[in-house]
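# Coordinates in review
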Amino acid sequence: MKKAIISLLVLGVSLLTMGTSAKEFDKDWHTYSNYQDIITTHVHLDLAINFKTKQIEGSIEHDLKRLNSDVDTLILDTRDLDIHKTETFDGKKWSATTFQLASRDSVKGSKLTISLPKSAIKVKVQYNSRPEASGLQWLLPVQTAGKKLPFMFSQSQAIHARSWLPIQDTPAMRVTYTATVTTDPSLRPIMAAKNDPKWRKDGRYTFEMPQAIPPYLIAIAAGNIHYKKMSKQTAIYSEPELLDAAANEFEDTQAMIEATEKMYGPYRWTDYDLLILPPSFPFGGMENPRLSFITPTVIAGDKSLVNLIAHELAHSWSGNLVTNATWRDLWINEGFTSYVENRIMEEVFGKKRAVMEQALAAQDLKKELVHLPKGDTILHVAIEGRDPDDAFSGVPYTKGQLFLMFLEERVGRENFDKFLRQYFDQHAFQSIDTDNFMRYLDKNLLAKFPSKVTKEEVRVWIKEPMLPSNAPNPQSDAFDNVGNNIQAWLSNDIKLAKIPTKTWSVHEWLYFINNLPKEISLQRLEQLDAEYKLTQSTNNEIAHAWLLLNIKKNNPNINKRLEDYMISIGRRKLIVPLYKALLEDKSRYDFVKGIYAKAREGYHPLAQGTIDALFEKAKQK
Ligand code: BES
Ligand code: ZN
């Protein structure tokens, strides 16, 4: 009880100080909003999900807090919204007020300026989203597991909340919310908030999010969504066809929560449920609070890809509790989360697996760094003027993770754990930018261990491109074995049948495929496929690695499987590298164009945008 009161106090204090602390940060380039003068503290949503028109329609009510008493407008972010009416509330009555919707900027959308009388304490906007909303995907029944009912979901990170909510769309700011949502009674809406697992037959649901969150974490979905409880704090929401498989695959989620609490302090969001989406979901997962959104492509049957759940859960500390103040600081979300993810995997599945996952990620990063523009290999990346989606890479994730591993190595695990736990506690429900983090690190870690890490080493990690020479280089004995087997086979010392693949995990398979030499012959690839049936692998990561290698080697025998894969999956990480590799080779342009013609309408607007740009670039070559 005492603990609960203290954390409520901490919450209250951090909410109070939030507005002022926001001022110390660099202005978030990706918002038009005047959040440094006035902020929304709470929103109430009254929304209808209209599958016929592919629109969300209704109203949003903002409770306001002025940070500057002279402010006479509320500026909100929008993109492709129709604004019908704006009103203000003075404590007694609502009155109409004027607004201006500016023309559309291709990155930021349209600035919505609402006139604010001195007496206004709330603003209400009536609006609807459009079918092309960048943050929503509307699926036809054929794109779902059940094939009978439609489905929709939101993906607001990084700057897509504004395509379905007129809001101050910056992670420097936090709101609590309540919502009333209606939809067709045959479907069930759900939000990343307090959910009542009961299905209401009237199609009218209410939600409450009592913890203050940045707007990119507001999330909604609707479909034939059923419920299965897994443990005291965890449950699956999904189409009924996937419910059991998901509950089996993710049954260790409760153990993951407990392992994380032991290392980094209490889970502050009550329940942690998973919403399994259809395969067009453009990400592996999205850490929407209390209810992570998850791709079904990780349900492998053997828990081999559940690091994704560890990752999204880890965001309940790094990201959702302590948030990047701007999108330049994304590494503060994703780098810390990748580090915590791996610590959870070590606790729940053991060191061997955790090290394999580190080594695979480090290898992927090193390959990626060679191709990225130099500036994009910096943790504190410059993305002003750009769409944050265009700067997306493994850098904030794995370079960020390696940086924290470096600090851990230098000061020792026990000291580093203590530091991290205190960092989460002291910044709970707040945002932080890179320079503030560096000051905090300096005071709370470097000063305590002056002989272990220097300020200059930290600066190089955070502000300079590529990987510093002192970067950890994770070594897996299991992978060394795999590597030795590859060598022995290539030099004809052993036959494939002699390689002990029966005991290999998915990770060893991935290492095997990723470390075959570039110059491997087609004949050898065929031998591998004959022996191991890799083209038909039902593990989506293995299939991805194998297809990618075969595209690079121009092996036409995989084409049918490749087409099926690219049409049935919309997860960007799995398909974008395949499109990229195919487009490298001009002679395959028509082939890949043919696949995209069939696949495109099933992809999320974000994935469409990324792949459209690849085709555009290939045409110019
Ligand atoms: N928050 C991210 C997804 C994201 C990042 C969306 C930036 C938009 C902008 C999520 O937590 C994530 O990182 N997902 C990864 C998981 C993986 C690293 C285990 C993914 O989707 O692949
Ligand atoms: Zn993440």
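I will try to describe carefully the structure that is included in this document. (Residues numbered from 1 in each chain as written. Chains lettered and ligands numbered in written order. Predicted model: local features only at pLDDT ≥ 70, side-chain atom pairs only at ≥ 80, totals over all residues. Heavy atoms only, no water.)

Once that is clear, we can look at the overall build of the protein. Scanning the protein for helices and strands turns up 18 helices and 21 strands. Compactness check: the protein gives a C-alpha radius of gyration of 25 Å against a globular reference of 25 Å for 621 residues, within 12% of the reference. Dimensions of the protein along its principal axes, counting C-alpha atoms only, are 85 × 60 × 50 Å. Buried positions account for 60% of the 621 residues belonging to the protein. Partitioning the intrachain contacts of the protein with sequence separation of at least 6 by distance along the chain shows that 72% fall at a separation of at least 24. (Helix = DSSP H or I, 4+ residues; strand = E, 2+ residues; numbered from the N terminus. Rg over C-alpha atoms; globule rule 2.2 N^0.38 Å. Buried < 20%, exposed > 50% of the residue type's maximum accessible area, 1.4 Å probe, protein only. Contact = heavy atoms within 4.5 Å.)

Right, let's talk about the site of ligand 1 for a bit. Taken together, 15 residues sit near ligand 1, with Gln 157, Gly 284, Glu 287, Glu 312 and Tyr 397 positioned nearest. At a separation of 3.4 Å, an oxygen atom of ligand 1 approaches a polar side-chain atom of Arg 571. When residues of the shell around ligand 1 are traced back to their parent elements, those giving at least two are strand 18 (285-286) and helix 4 (307-314). The biggest single contributor to the shell around ligand 1 is helix 4, with 3 residues. Residues belonging to the shell around ligand 1 are distributed by class as follows: 5 nonpolar, 6 polar and 4 charged. (Near = heavy atom within 4 Å. Polar contact = N/O pair within 3.5 Å; in protein donor to acceptor, adjacent residues only side chain to side chain. Nonpolar A, V, L, I, M, F, W, Y, C, P; charged D, E, K, R; others polar.)

Of all the residues in helix 13 (residues 522-532), the buried ones are Arg 524, Leu 525, Leu 528, Asp 529 and Tyr 532. Buried residues of helix 13 fall within an arc of 140° about the axis and therefore sit on the same side. Away from its buried face by more than 90 degrees, helix 13 exposes Gln 523 and Ala 530. Of the residues flanking the end of helix 13, it is Lys 533, one or two places downstream, whose phi is positive at about 55°. (Arc of directions from axis to C-beta.)

This part is about the coordination of the zinc ion (ligand 2). The zinc ion (ligand 2) binds to the protein through His 311 (NE2), His 315 (NE2), Glu 334 (OE) and Glu 334 (OE); the donor distances cover 1.9 to 2.8 Å. Geometry at the zinc ion (ligand 2) is irregular, judged from the 6 donor atoms that bind it and their angles of 51 to 159° at the metal. Each donor residue of the zinc ion (ligand 2) belongs to the same chain, with the gaps between them written as H-x3-H-x18-E. Here Glu 334 lies in helix 5 (residues 330-349) and His 315 lies in the loop between helix 4 and strand 20 (322-324), a separation of 19 residues in the sequence. You'll find His 315 and Glu 334 in the same group, each marked buried. (Donors = N, O, S within 2.8 Å, 3.2 Å for Na, K, Ca; no water. Tetrahedral: all angles 85-135°; square planar, octahedral: opposite > 155°, others 65-115°.)

The next thing to look at is the sheet that holds strand 18. Hydrogen bonds along the backbone pair up the strands of a sheet, which may run parallel or antiparallel. Taken in spatial order, the 5 strands line up as 15-16-17-19-18 in an open sheet, and their pairing is mixed. Unpaired on one side and paired on the other, strand 15 (226-229) and strand 18 mark the two borders of the sheet. Where strand 17 (residues 272-276) lies against strand 19 (residues 291-294), 4 bridges are found, and the strand directions are parallel. Each residue of the ladder has a partner; that of Asp 273, found in strand 19, is Leu 291. (Pairing = 2+ DSSP bridges.)

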